[in-house]
Each structure stands twice: as C-alpha cells, then as structure tokens.
Amino acid sequence: MHAPTEGHWAAVKRILRYLKDTSSFGLHLTRDSSLSLHGFTNVDWADNIDDQKSTGEYIVFLGTTPISWKSNKQRTIARSSTEAEYKALADGTVEVL
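All of these numbers come straight from a predicted model, not from anything done at the bench.

**Focus: the side chain of Q74**
Move 1: Looking at where Q74 falls in the secondary structure, it is placed in the loop between β3 (65-73) and α2 (81-96).
Move 2: Among the polar contacts made by the side chain of Q74, one reaches the main-chain carbonyl oxygen of A84 at a distance of 3.0 Å.
Move 3: Not counting residues within four places of it along the chain, the set of residues in contact with Q74 comprises V43, K53, S54, G56, A84, K87 and A88.

This is the structure in structure tokens:
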C-alpha cells in the first residue's frame, strides 16, 4: 500500500484485536477420536422469493469435530431440486478435496 489511510489503520487494528482474542481457539481432538472425514450437504430449493435462487449448505467433520462449513445462495437458478442438490454436493465435494 503506497498511501494507507486512517481506514486502513483501523482495519489492521481490528484484525489484530481479533487475532489476540481468538488465539486460544482451535480444534479439540482427543486421542480416541476418529480421523475419518465426513461431509454433509443440504439445499433449500428456490427458497428466495425475490430471485428464485436456492441456498446450499455443507459441513465437513474430522471425526466428530466440524472443521469447515458454509451456507450461501447459489449463483444460478436451478430448474429442479435435483439440480440444486447436485450444485450443493459439488461445492461440498470441492471443500472435502
């Protein structure tokens, strides 16, 4: 950045505060926990009444610990619930890989 502003400095301070306050967070794995990877996906087909786009969700577990999750509106309009489910499954698969 060649010309940082007060807004940039405020953003840096906010990030540093976040890192300081969350330094004790982490994944809690025990000796007997399984290291198997499981992923689950779900979709609400055409649930947005304004644009008819679906909302897809996924969650990925390492053993019993959730390690990644996301919920977002799909970029395109699905013509069927099967198509919407396929799109959510593709997003979840990419995250697992």
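**Points about the pattern of salt bridges**
Move 1: This structure, assessed with the given rule, holds three salt bridges.
Move 2: With a closest N to O distance of 3.8 Å, D21 and K20 form a salt bridge.
Move 3: Assessed through its relative accessible area of 53%, D21 is described here as exposed.
Move 4: In this structure, K73 engages D51 in a salt bridge whose closest nitrogen and oxygen atoms are separated by 3.1 Å. Here K73, found in strand β3, pairs with D51, found in the loop between β1 (37-44) and β2 (55-62); they are 22 residues apart in sequence, far enough to count as distant.
Move 5: Classification of D51 as partly exposed rests on a relative accessible area of 26%.

What counts, and where the lines are drawn
- Numbers given to residues run from 1 along each chain, matching the order in which its sequence is written.
- In keeping with the predicted nature of the model, local features appear solely for residues at pLDDT of at least 70, side-chain atom pairs appear and are counted solely at 80 or more, and the whole-chain, interface and lining totals rest on all residues.
- With hydrogens and water stripped out, all remaining heavy atoms of the structure feed into the side-chain values.
- Helix and strand labels come from DSSP, where a helix needs a run of H or I of at least four residues and a strand needs a run of E of at least two; each type is numbered from the N terminus.
- For the purposes of these results, a polar contact is taken to be a pair of N or O atoms within 3.5 Å, where, inside protein, one atom must be able to donate a hydrogen and its partner to accept one; residues adjacent in sequence count only when each atom of the pair is a side-chain atom.
- The contact rule is simple, with two residues in contact once any of their heavy atoms fall within 4.5 Å.
- Between Lys or Arg on one side and Asp or Glu on the other, a salt bridge is scored when a side-chain nitrogen of the former is within 4 Å of a carboxyl oxygen of the latter.
- Any residue under 20% of the maximum accessible area for its type is buried, any over 50% is exposed, and the rest in between are partly exposed; the area is computed with a 1.4 Å probe on protein chains only.

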